Amino acid sequence: MELTDLKQRHPDHWMKAAAIRALAIDAVAAARSGHTGMPIGMADVATVLFGRHLRFDASAPDWPDRDRFILSAGHGSMLLYSLLHLTGYTDMTLEQIRSFRQWNSITAGHPEYGHARGIETTTGPLGQGLANSVGFALAEEVLRARYGSAVVNHRTYVIAGDGCLMEGVSQEAIALAGKQGLGRLTVFWDNNDITIDGRVGLTDITDQISRFEASGWHVQEIDGHDPEAIDGAISVAGTSDRPSMIACRTHIALGHAAQDSAMGHGALVDAKENAEAKEAYGWNREAFTIPSPIKARWEEIGRRGITERQAWEKRFAALSGRRRARFLMEQAGGVSGKLSPAIRRLKARLAETAPKLATRSASELALAVINPIMEETVGGSADLTGSNNTKTSDLEVHSPGSRKGRYIHYGIREHGMAAVMNGMALHGGVKPYGGTFMVFSDYARAAMRLSALMGIAPVYVMTHDSIGLGEDGPTHQPVEHLSMLRATPNMVVIRPADAVETAEAWEIALSQSNRPTVLSLTRQSLPTVRTRHRTTNMTARGAYVLAEAEGRRRAILIATGSEVSIALAAREILQTEGIGVRVVSMPSWELFEEQDAGYRRRVLPGGPARVAIEAGVRHGWDRWLLGERGREARSGFIGMSGFGASAPGDVLYDRFGITADATARKIRELLD
């Protein structure tokens, strides 16, 4: 539909949409930075969606049963900010719109979760929002099966662009959504045929319609500027039991001199051209000025969901007190009071029986205790269930025929799995965890970084965490990955030494509410090193004295995970020679760094020689070897300096010199 026809045939719709377009032009021009064309092009879709379909209440933005709206094409953030301001979200003031992309504003260049109500997820890295939406829809299905449609009954809507669909994570996500039959998920494809470099045809000939259909989606094609076509398509999508994609043919920067050009993708800052565009819209007003009648119509849209929200509150109040309390606790990310006692009982049993087992197997033992008492856990694996040990016997597999299922087979889709887990965590009410090999955190990295950036708490179960995995060779043996993950702000990495520390690690991970946890777990069996039961969660301290020196303390061995038992063996060698050695287990750098200086000083006092042992690269270890009262002349590292090799794990440890004898030799050298 052409601009003139649209204005004439749908004047009320046109003026509401023009308010979005005008705010986008004004904000980007004021910042001299941003992306104007996408908000202009998708204003009609957004106006119809918010005005006629989206179930929300701007005065109660955290209503658990609201529909979710995700702007996957996050560069067009002014579309979302305009909608939030116009519909009456109290924190999205006109001053915040004026401060677009400025220091200390909530209107960042790309939408950032936590900056403002109504921003459901952080988008910007293209494709992430689309993949998150699959997690939102899965969480809705799980919770509706548990609590019933009277309490959980909402939809997820997404706007995605060509860039989102080009990113590989999009295929991982849409394939999973199709397999799971997520009929409450609707994606609007902003089909404007423009990327930064020019026409889409410069780089891509994919038939997106056929692609989505082949992945099990219901697909429609419409004029993305025709409000009646948009309305009809959304209604039809709502009747499908498959996820829906609505291909919206749009003009980027509609009505602007940059319309249908690569220039329209970026910041439109030419004052004359912007004035001409606004005149074409019939918007002859000062910058950032919204006429009261138009603002009032938008605010009415923001209030449209009040009645439904109040009806939901009555239905929710009819639940038993126990179910209400559990629902609210799960929504808040809380933890059952049964968790800690259950973990303590497990620890006592493990300390008594002292099993020798891989920490991936110890993780399964912990989950067997956790999953029955924490119904909010939703587990999964990227086609490595039997290797990651992430499925316990009580968990049903989630599928269209089993919505109560709390285990998801993600397939060979590590990136998609991590992004979907983010969506589930953001939705609320569930605690997602998912497994793969540690080395494949490379594939999942972009989404894992966003977990930390957003301050949400999925649990990443990363097994086969060193050369100890053996014969699969260096392609599968992580050496730099612990360093990479530890370098990520607001991420907790825990590498437990035995089954006891693994149980403690799970208690910590599930108690987090504002940061993700990575569990670094072994393929190879390890002895139990904590044979004296302690009710205190020592792993929560990050590091602690596992074995004290006998006689004068001359050296401290600091180790993580599978290398803690090596440190203990080295201590035995050195103690027989009259060299007093303390062994410190350091399962989590981040948690140790959070301890007070006095505690850290007691664990790592100045004076003794220090050697760290870890089957990874040294990068980052100098924080504990040279800092915290350490000295370069009296410190050393036993670990990897390059990639691994294909051989049995015990052979690799010997060949790469990660042994008790090599450790004892290093201490002797430092003491000479």
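This one's a predicted model, so the numbers in the text were calculated from it and none came from an experiment. (Residues numbered from 1 in each chain as written. Predicted model: local features only at pLDDT ≥ 70, side-chain atom pairs only at ≥ 80, totals over all residues. Heavy atoms only, no water.)

Engineer: Teacher, can you tell me more about the overall build of the protein chain here?
Structural biologist: The helix and strand tally for the protein chain stands at 28 helices and 20 strands. Computed over the C-alpha atoms, the radius of gyration of the protein chain is 28 Å, within 12% of the 26 Å expected from 2.2 N^0.38 for a compact globule of 672 residues. Dimensions of the protein chain, computed from C-alpha atoms along their principal axes, come out at roughly 95 × 55 × 45 Å. Taken over 672 residues, the protein chain has a buried fraction of 63%. Within the protein chain, contacts between residues at least 6 apart in sequence are counted, and of these 78% link residues at least 24 apart. Across the protein chain, 76 positive and 76 negative side-chain charges occur, with their mean positions spaced 8 Å apart. (Helix = DSSP H or I, 4+ residues; strand = E, 2+ residues; numbered from the N terminus. Rg over C-alpha atoms; globule rule 2.2 N^0.38 Å. Buried < 20%, exposed > 50% of the residue type's maximum accessible area, 1.4 Å probe, protein only. Contact = heavy atoms within 4.5 Å. Lys, Arg positive; Asp, Glu negative; His and termini not counted. Charge placed at Lys NZ, Arg CZ, Asp CG, Glu CD.)

Engineer: So what exactly am I meant to see when it comes to the packing of helix H5 (residues 77–87) against helix H13 (residues 292–303) here?
Structural biologist: When two helices pack together, their arrangement is given by the angle between the helix axes and the distance between those axes. Two elements in contact, H5 and H13, have axes separated by 7 Å at closest approach and are oriented at 90 degrees. When the interaxial angle is binned, H5 and H13 end up roughly perpendicular. Along the contact surface, H5 presents Leu-83, His-85, Leu-86 and Thr-87, while H13 presents Lys-295, Trp-298, Glu-299, Ile-301 and Gly-302. Here the residues of the contact of H5 with H13 sort into four nonpolar, three polar and two charged. (Axes fitted to C-alpha atoms, helices over the stretch in contact; angles between N-to-C directions. Parallel < 35°, antiparallel > 145°, perpendicular 65-115°, else oblique. Nonpolar A, V, L, I, M, F, W, Y, C, P; charged D, E, K, R; others polar.)

Engineer: Looking at this model, I keep getting lost on unusual backbone geometry. Mind explaining?
Structural biologist: A negative phi angle characterises most non-glycine residues, just as the trans form characterises most peptide bonds. Positive phi outside glycine occurs at Asn-389, with the angle close to 60 degrees. Position of Asn-389 relative to the elements: it lies in the loop between helix H18 (385–388) and strand E10 (407–409). The residue Glu-628 is not glycine, and still its phi comes out positive at about 50 degrees. The residue Glu-628 is located in the loop between helix H26 (622–625) and strand E20 (635–640) in this model.

Engineer: Just to check I follow, could you spell out the packing of helix H7 (residues 128–147) against helix H19 (residues 414–427) for this structure?
Structural biologist: Closest axis-to-axis distance for the H7/H19 pair is 6 Å, and the angle between their directions is 55 degrees. By the angle between their directions, the pair H7 and H19 is classed as oblique. In this structure, H7 meets H19 at a crossing whose hand is right-handed. Here H7 contributes Gln-128, Ala-131, Asn-132, Val-134, Gly-135, Phe-136, Leu-138, Ala-139, Glu-140 and Leu-143 to the contact with H19, which in turn contributes His-415, Ala-419, Val-420, Asn-422, Gly-423, Met-424, Leu-426 and His-427. (Left-handed = near helix turned anticlockwise from the far one by under 90°.)

Engineer: I tried to follow the packing of aromatic side chains on my own but got confused; where do I start?
Structural biologist: Aromatic rings considered in pairs are described by the distance between their centres and by the relative angle of their planes. The tally for this structure, following the rule as stated, stands at 19 aromatic pairs. Ring geometry for Trp-14 against Tyr-281: centres 5.9 Å apart, planes inclined by 65 degrees, an arrangement best described as edge-to-face. Here the residue Trp-14 occupies a position in helix H2 (residues 11–31), and Tyr-281 occupies one in the loop between helix H12 (271–280) and H13, the gap between them amounting to 267 residues. For the pair Trp-14 and Tyr-281, a shared accessibility class is recorded, and that class is buried. An aromatic cluster of at least three residues, connected via ring pairs, comprises Trp-589, Phe-592, Tyr-599, Trp-621, Trp-624 and Phe-637. (Phe/Tyr/Trp six-rings, centres within 6.5 Å; stacked < 30°, edge-to-face > 60°.)

Engineer: Help me understand the nonpolar core, please; the structure alone is not making it clear to me.
Structural biologist: When a protein is soluble and globular, its nonpolar side chains tend to lie buried together. Counting residues in hydrophobic clusters, the biggest one holds 65 residues, and the most contacted among them are Val-134, Leu-185, Trp-217, Met-424 and Met-448. Counting residues per element, this core draws most heavily on H7, which supplies ten residues. Core analysis: the next-biggest nonpolar cluster, separate from the first, contains 64 residues, Leu-49, Met-78, Leu-80 and Ala-116 among them. (Core = buried A, V, L, I, M, F, W, Y, C linked by side-chain atoms within 4.5 Å.)

Engineer: Sorry, what's going on with the pattern of salt bridges here?
Structural biologist: Here the idea is simple: oppositely charged side chains can pair when their charged atoms come close. In the structure shown here, the tally under the stated rule is 38 salt bridges. Of the charged contacts, one joins Arg-309 and Glu-313 as a salt bridge, the two residues approaching to 3.0 Å between their closest N and O atoms. A residue pair is termed a helical-turn pair when its members lie 3 or 4 positions apart in one helix, as Arg-309 and Glu-313 do in helix H14 (residues 306–317) at four residues. Exposure remark for Arg-309: the relative accessible area of 14% places this residue in the buried category. Residue classification places Glu-313 among the partly exposed residues on the basis of a relative accessible area of 36%. Of the charged contacts, one joins Glu-504 and Arg-530 as a salt bridge, the two residues approaching to 2.7 Å between their closest N and O atoms. Taken as a pair, Glu-504 in helix H22 (residues 499–511) and Arg-530 in the loop between strand E15 (525–526) and strand E16 (544–547) lie far apart in primary sequence, 26 residues in all. (Salt bridge = Lys/Arg side-chain N within 4 Å of Asp/Glu carboxyl O.)

Engineer: How should a negative patch on the surface be read in this particular structure?
Structural biologist: On the surface, Glu-471, Asp-472, Asp-650, Asp-654 and Asp-661 cluster together to form a negatively charged patch. Mapped onto the secondary structure, Asp-654 falls in helix H27 (residues 649–655). (Patch = residues over 30% accessible without salt bridge, like charges linked within 9 Å, V, L, I, M, F, W, Y side chains within 5 Å. Areas by Shrake-Rupley, 256 points an atom, 1.4 Å probe, with all protein chains shown as cover.)

Engineer: What should I look at first to understand the environment of Ala-503 in this one?
Structural biologist: Of note, Ala-503 is situated in helix H22. Considered as a pair, Ala-503 and Asn-537 are 34 residues apart in the sequence and their alpha carbons are 9.3 Å apart. Excluding anything up to four places from it in sequence, Ala-503 contacts Ile-343, Leu-346, Lys-347 and Ala-366.

Engineer: Any chance you could explain the side chain of Gln-575 here in plain terms?
Structural biologist: Positionally, Gln-575 belongs in helix H23 (residues 564–576). Look at Gln-575 and you get buried, because its relative accessible area is 14%. Residues within four places of Gln-575 in sequence aside, it is in contact with Ala-549, Glu-550, Gly-580 and Val-581.

Engineer: Sorry, what's going on with H23 here?
Structural biologist: Owing to its 3.6 residues per turn, the α-helix brings residues three or four apart onto one side. Across its 13 residues, H23 extends 19 Å between first and last C-alpha, which sits within 8% of the 18 Å expected from 1.5 Å per residue. Residues of H23 that are buried include every one of Val-564, Ile-566, Ala-567, Leu-568, Ala-570, Arg-571, Leu-574 and Gln-575, and no others. Buried residues belonging to H23 abut E16, strand E17 (553–559), strand E18 (580–585), strand E19 (609–617), H27 and helix H28 (660–671). Looking at the residues trailing H23, positive phi occurs at Gly-578, about 85 degrees. (Expected span 1.5 Å × (residues − 1).)

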